[in-house]
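# Architecture at a glance
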Amino acid sequence: MPPLRTALLQSSGQPGDVAANLKALDQAAARAAATGAGLLVAPEMFLTGYAIGDDVARLAEPADGDSADAVADIAERHGLAVAYGYPERDGEAVYNSAQLIGPDGTRLLSYRKTHLYGGFETASFTPGDQPVVQAELGGLRVGLMICYDVEFPENVRAHALAGTELLLVPTALMHPAEVVAESVVPVRAFENQLYIAYANRTGQEGEFEFVGLSALAGPDGTARARAGRAEELVTGDVDPELLRASREANPYLRDRRPGLYTSLI
């Protein structure tokens, strides 16, 4: 099975302007496809912006709404899968959500953030209640979560035990939490023997300062691709053979003793 070239879009787009952000996503997809990428991952809340206050409710859309159709068109035209964050409306509830659209325009995964971060998120969103969602992409089992979720070891371990090989994490990591991007994410990939594609926002947005540092972390605990602090598109390869060899050599998942961990729940 060939590696899946994965592109990470590090950008905050234009907060409040969905049309402009869809255009930016289209342009990024064209650039990613030109590198041979089969997957593009955009940040948390990319379609609307993060620091949009009361506009969250106004700009929220159903999972199969107009913006999802627009992203499906982008994915199909450029022949690559696209993962992106957005506010999702379902009845009266609004979720901090992310979707994965396949290269043929099919909606493969929908996910609602389970661990909300800070006063803005807890006031604006309903937490999701499904921690593990998965789909097949390029012969890989792909999972999806959002930002703060990856900081909980139980969340990522649940994906590892469910067989996730590539975990997509649209994110909005802020200063002074750079340690998450620099250290926590590569450690999560290592301790769970999977790849993590962590795509962050960047720059000042309202009261929030996003730190960039997007990364594709491998099962060897290294950043196979790493962005700086500015807007950037970076690519790296998710190599199934490296993953297979790493899982064979690293016994963490085999050596677990679940009977000793019952106090965790």
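Residues numbered from 1 in each chain as written. Predicted model: local features only at pLDDT ≥ 70, side-chain atom pairs only at ≥ 80, totals over all residues. Heavy atoms only, no water.

### Quick look at the overall build of the protein chain
The following threshold applies: Numbering of helices and strands runs from the N terminus; a helix is a DSSP stretch of H or I covering at least four residues, while a strand is a stretch of E covering at least two. For the radius of gyration, the atoms used are the C-alpha atoms, and the globule rule reads 2.2 Å times the number of residues raised to 0.38. Accessibility here uses a 1.4 Å probe with only protein chains present; expressed as a share of the type maximum, an area under 20% marks a residue as buried, one over 50% as exposed, and anything in between as partly exposed. Contacts were defined at the residue level, with two residues in contact if any of their heavy atoms lie within 4.5 Å.
The helix and strand tally for the protein chain stands at 7 helices and 14 strands. Whereas a compact globule of 265 residues would reach a radius of gyration of roughly 18 Å, the protein chain reaches 17 Å, a difference of no more than 12%. Principal-axis analysis of the C-alpha atoms gives the protein chain an extent of 50 × 45 × 35 Å. Counting the 265 residues in the protein chain, one finds 52% classified as buried. For the protein chain, the share of sequence-separated contacts (at least 6 apart) that also reach a separation of at least 24 residues comes to 69%.

### Side note on the pattern of salt bridges
Note the cut-off: Salt bridge, as used here, is a side-chain nitrogen of Lys or Arg placed within 4 Å of a carboxyl oxygen of Asp or Glu.
Scanning the entire structure with this criterion turns up 15 salt bridges. We note a salt bridge from Glu178 to Arg229, for which the minimum N-O separation is 3.2 Å. Of this pair, Glu178 sits in helix α6 (residues 178–192) while Arg229 sits in the loop between β13 (223–226) and β14 (232–238), and the two are 51 residues apart along the sequence. Exposure remark for Glu178: the relative accessible area of 11% places this residue in the buried category. Judged by its relative accessible area of 45%, Arg229 is partly exposed. Where Arg244 meets Glu241, a salt bridge forms, and the shortest distance between an N and an O atom there is 3.2 Å. Placement of both Arg244 and Glu241 in helix α7 (residues 240–249) is noted, with a separation of 3 residues, approximately one turn of the helix. Since its relative accessible area comes to 45%, Arg244 is described here as partly exposed. A relative accessible area of 42% places Glu241 in the partly exposed class. Within this structure, Asp26, Asp73 and Arg77 form a network of salt bridges that share partners.

### Some points on the packing of aromatic side chains
Put simply, the rule is: Aromatic contacts are taken between Phe, Tyr and Trp rings whose centres are within 6.5 Å, Trp giving its six-membered ring; a plane angle under 30 degrees counts as stacked, one over 60 as edge-to-face, and the others as tilted.
One pass over the full model with this rule turns up 10 aromatic pairs. A ring pair is formed by Tyr50 and Phe208, whose centres lie 5.2 Å apart and whose planes are at 85°; its orientation type is edge-to-face. In this pair, Tyr50 is assigned in the loop between β2 (39–41) and α2 (55–59) and Phe208 in strand β11 (residues 208–211), connecting sequence segments 158 residues apart. One exposure class covers both Tyr50 and Phe208, and it is buried. Between Phe120 and Phe208 the ring centres are 6.3 Å apart and the planes differ by 50°, which places this aromatic pair in the tilted class. Of this pair, Phe120 sits in helix α4 (residues 118–124) while Phe208 sits in strand β11; the two residues are 88 residues apart in sequence, bridging distant segments of the chain. One aromatic cluster in this structure is built from Tyr50, Phe120, Phe125, Phe208 and Phe210.

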